[in-house]
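Take a look at the letters that make up each chain.
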Amino acid sequence: MARNKEKLVLLLDVGPSMHGVLPEVEKLCSMLVEKKLIFSKYDEVGVVAFGTEETNNDLTTEVGGYENITVLQDTKVVDGDLIDTLQKLPRGTLDGDFLDAIVVGMDMLIKKYKDIFKGKKRLCLITNAIHPIKDSLEGSKEDQVTTIAEQITAQGMKMESIVVRGRLSQDADKRIMDENDHLLSIFSKKTRTRTVYVDSPTSLLGALKTRRVTPVTIFRGHLELSPQMKIKVWVYKKTQEEKFPTLKKYSEKAPPTNQFATHQVKVDYEYKSVGDSSTTVIPPEQRIKGYRYGPQVVPISTAEWDAVKFKPEKGVKLLAFTDASKIKRHCFMKDVYLFVAEPSNPRATVAVSAIARAMKETNTVAILRCVWRQGQQNVVVGVLTPNISQNDKIPDSFYFNVLPFAEDVREYQFPSFNSFPASWQPNEQQQKAADELVQMLDLAPSGKEETLLPEFTPNPILERFYRHLELKAKQPDAAVPPLDGALKKITEPDPELVSENKSVFDALHRHFELKPNPKLKKSSRQFYREKQSGSNAHESDGQAVKSIENQPPVKIEKIGDLTPVQDFEAMMSQRDNPEWVEKAIKEMREKILPLVIHSREGDNYQKVVECIAALRKGCIIEQEPGPYNDLMRQLREYCQGKGIESLPQLLASRDLTLISKSEAEDSDVTYEEARSYFVKMEPNP
């Protein structure tokens, strides 16, 4: 759609004072185009550099002036050549005039899209704004900026200004910087301009939003305060996690000479009867979806689902008001939503503003029940917080955060450090050294600006992914490049911070001296042999331990019948060959099932439980839930068939149930399914 296409002109300061940060500017702008190639491949981008020695733009030819401004690339659909242009920006020799660059960028958009394009038109200025701009021939500089701002608004354009300061502008004239900041602020007041100040290459990477997401309402309707009082509101998503792009399958089967081949892979599924030897495909109208319930599959038709499905009515209703201190920040779940009054509805705007300001004055929040769409199965309960606007042009609104239900809350109890023995308690010097280390690692120390601000800190994983993707597109055999220096500031400790606080690390090392533990933990095999040796009445305990320690370790190659748990643990601890782990798990499984089958009135059940506990622990440590879960399903099926109830009850009392996904990532069992696995079990008739 035309309204979703964007026409963007990048206005880049390449003067001498910007040379130190130009490599980051190149990476930032290249990333912008790379994402457009993936998400918005029909957008058009132009590039203007100011501060260059040469001059190349239409306004210089037509009216004169506008010197030292070069149009590196006229606006065109994004492609790989544009990325190459942005990765090799020229290094200028003169101080540029950002106001002249804005006029050149406006001229490019007006000439090409004034009458034929009604979509988004945007200017993006990246400069340090530490050099004076030229005096206006008519009127003051403020008048000149105001005139340009009015023209930007009349043409339906937006502008984004990124001002790079910090260490790069320490020697600049403060008077000139203040004057330029004042001129840029006029754009913010008169137009839809966003001005951002950054002080490091890392924050520069996060200052420009390389991917634009068009806001879409998830709810339009009434905020029902009571049956008699309703306010028309629109609800948007305020924040959303940015995920990796969906990568599609690519087929090389298409002929190389076919220029119109899509190379797409389409997957079709056919359903056939298991018991029927014929190859007849079952049509959709003869298929019913089945759901597993233990070893059985229960068919449930669509009509039956619709009959029992919970169908709440669409709407947003107020449940109660409460003090803001009763709602803890750590209880907020999922994304943040924004409640605004219905546009072009002054009565709704006044009502939202009045309630928001009253809630702010009384430090109150509202609890809402929300159903965003008709037919939506889940109901959301959350807290509504007032958002008072500081801009006269932007009305007041609300922030909405989802709150957890009782089953969503996990409360973990940890013992207090005071319960440990006195010898384990830190002394005063150790406590002081630990406190200084924590204070040193504070990202927002008092009296200083916060480091790694969330709004200016990009996701290093996504940044690295897109850069590698662009490299692979040009060089399929290229190796993974090293981590960029600006991204290292996010993922690794700051070397400057570490060197400046070397005394803190030395104090911590001095007060927390590491020593080897002389009490080495004995293996279960050694413990068993030690117990056997201790039964000899003619040998003292000390001699028994000494004799066992002097014996060479015995390598366990098979799980025996006498001590299967100890043999299993010994085999799992043998790391000279990775096959020992697989062999130990396999043999323990083969040991457990015969113990259950050949048990007489449950005489082997205690041994079975110990073996299952050891197997479960080992499978969790090795993150191999499959063998254990398969065994438990076989045991359950066997117990159901034989009418055995005591063994499942014994396993349930010891929490020896299935390994859930929270314990092993590869498991396909949820926490609730694991907890209720033996509870739902009923013997077969």
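This one's a predicted model, so the numbers in the text were calculated from it and none came from an experiment. (Residues numbered from 1 in each chain as written. Predicted model: local features only at pLDDT ≥ 70, side-chain atom pairs only at ≥ 80, totals over all residues. Heavy atoms only, no water.)

1. Considerations on the pairing of strand β11 (residues 315-323)
As judged from the two bridges shared by strand β7 (residues 217-226) and β11, these two strands associate in the parallel manner. Its bridge partner being in β11, Glu224 is matched across the sheet by Lys317. (Pairing = 2+ DSSP bridges. Helix = DSSP H or I, 4+ residues; strand = E, 2+ residues; numbered from the N terminus.)

2. Some remarks on the sheet that holds strand β4 (residues 120-127)
To summarise the sheet geometry, strands pair through backbone hydrogen bonds and adopt either a parallel or an antiparallel arrangement. Here we have six strands laid out as an open sheet, ordered β3-β2-β1-β4-β5-β6, and mixed in their pairing. Looking along the sheet, the strands with just one partner apiece sit at the ends: β3 (69-77) and β6 (193-198). Each adjacent strand pair in this sheet contributes to an overall mean axis angle of 10°, direction not counted. Relative to strand β5 (residues 157-164), β4 runs parallel, the two being bridged by seven bridges. Looking at the pairing, Lys121 lines up with Met157 of β5. The strands touched by helix α1 (residues 22-39) within the sheet are β1 (6-13), β2 (44-50) and β4, with β1 carrying the most contacts at an inclination of about 170°. Across the sheet, helix α4 (residues 98-113) lies against β1, β2, β3, β4 and β5, angled at about 30° from β3, the strand it touches most. (Axes fitted to C-alpha atoms, helices over the stretch in contact; angles between N-to-C directions. Contact = heavy atoms within 4.5 Å.)

3. Structural notes on the pattern of salt bridges
Counting across every chain of the model gives 32 salt bridges. When the shortest N-O distance is used, the salt bridge between Glu160 and Arg122 registers 2.7 Å. Placement of Glu160 in strand β5 and of Arg122 in strand β4 is noted, with a sequence separation of 38 residues between them. When its relative accessible area of 2% is taken as the criterion, Glu160 is described as buried. Residues Asp630 and Arg633 are paired through a salt bridge, measuring 3.5 Å at the closest nitrogen-oxygen approach. Here Asp630 and its partner Arg633 are both found in helix α20 (residues 625-642), three residues apart, which amounts to about one turn of the helix. Arg633 gets classed as partly exposed once you look at its relative accessible area, which sits at 33%. (Salt bridge = Lys/Arg side-chain N within 4 Å of Asp/Glu carboxyl O. Buried < 20%, exposed > 50% of the residue type's maximum accessible area, 1.4 Å probe, protein only.)

4. Focus: the packing of aromatic side chains
Evaluated as defined, the whole model comprises 10 aromatic pairs. Here the aromatic rings of Tyr291 and Trp305 are separated by 5.7 Å at their centres, their planes lie at 75°, and the arrangement is edge-to-face. Residue Tyr291 is found in strand β9 (residues 290-293), and its partner Trp305 is found in helix α8 (residues 302-308); the two are separated by 14 residues along the sequence. When the ring of Phe465 is compared with that of Tyr466, the centres are 5.4 Å apart and the planes differ by 70°; the resulting orientation is edge-to-face. Cluster of aromatic residues (ring-pair linked, three or more members): Phe219, Tyr337, Phe339, Trp372 and Phe400. Above the ring of Trp234, the side-chain terminus of Arg220 is found at 3.7 Å from the ring centroid. (Phe/Tyr/Trp six-rings, centres within 6.5 Å; stacked < 30°, edge-to-face > 60°. Lys NZ or Arg CZ within 6 Å of the ring centre and 35° of its normal.)

5. Observations regarding the pairing of strand β8 (residues 229-237)
In this sheet, β8 lies alongside β7 in antiparallel orientation, the contact comprising eight bridges. Looking at β8, one finds that Ser226 is bridged to Met229.

6. Focus: the environment of Asn68
Within the secondary structure, Asn68 is located in the loop between α2 (58-62) and β3. What makes Asn68 buried here is its relative accessible area of 18%. A C-alpha to C-alpha distance of 65 Å links Asn68 and Glu407, two positions 339 residues apart in sequence. Look past the residues within four positions of Asn68 in its chain and what remains in contact with it is Ala49, Phe50, Gly51, Thr52, Glu53, Glu54, Thr55 and Leu94.

7. What about the UniProt feature "domain: Ku" (unreviewed entry) in the protein chain?
UniProt's entry tags residues 279-420 with the feature "domain: Ku" (unreviewed entry), counted in the numbering of this structure. With 16% helix and 34% strand, the stretch residues 279-420 has end C-alpha atoms that lie 69 Å from each other. (UniProt positions renumbered as here; feature names shortened; annotations may be inferred.)

8. What about the confidence of the model for the protein chain?
Here the protein chain shows a mean pLDDT of 83. Residues at 70 or above account for 90%. Confidence drops under a pLDDT of 50 for residues 527-553, and excluding neighbours within four residues, the segment shows 17 contacts in the predicted structure. (pLDDT = per-residue confidence, 0-100.)

9. Observations regarding the side chain of Ser660
Considering the arrangement of structural elements, one finds Ser660 in the loop between α21 (646-653) and α22 (671-675). Looking at Ser660, its side chain comes within polar contact range of the side chain of Ser662, at 2.8 Å. If sequence neighbours within four positions are ignored, Ser660 has contacts with Ser667, Val669, Thr670, Tyr671 and Ala674. (Polar contact = N/O pair within 3.5 Å; in protein donor to acceptor, adjacent residues only side chain to side chain.)

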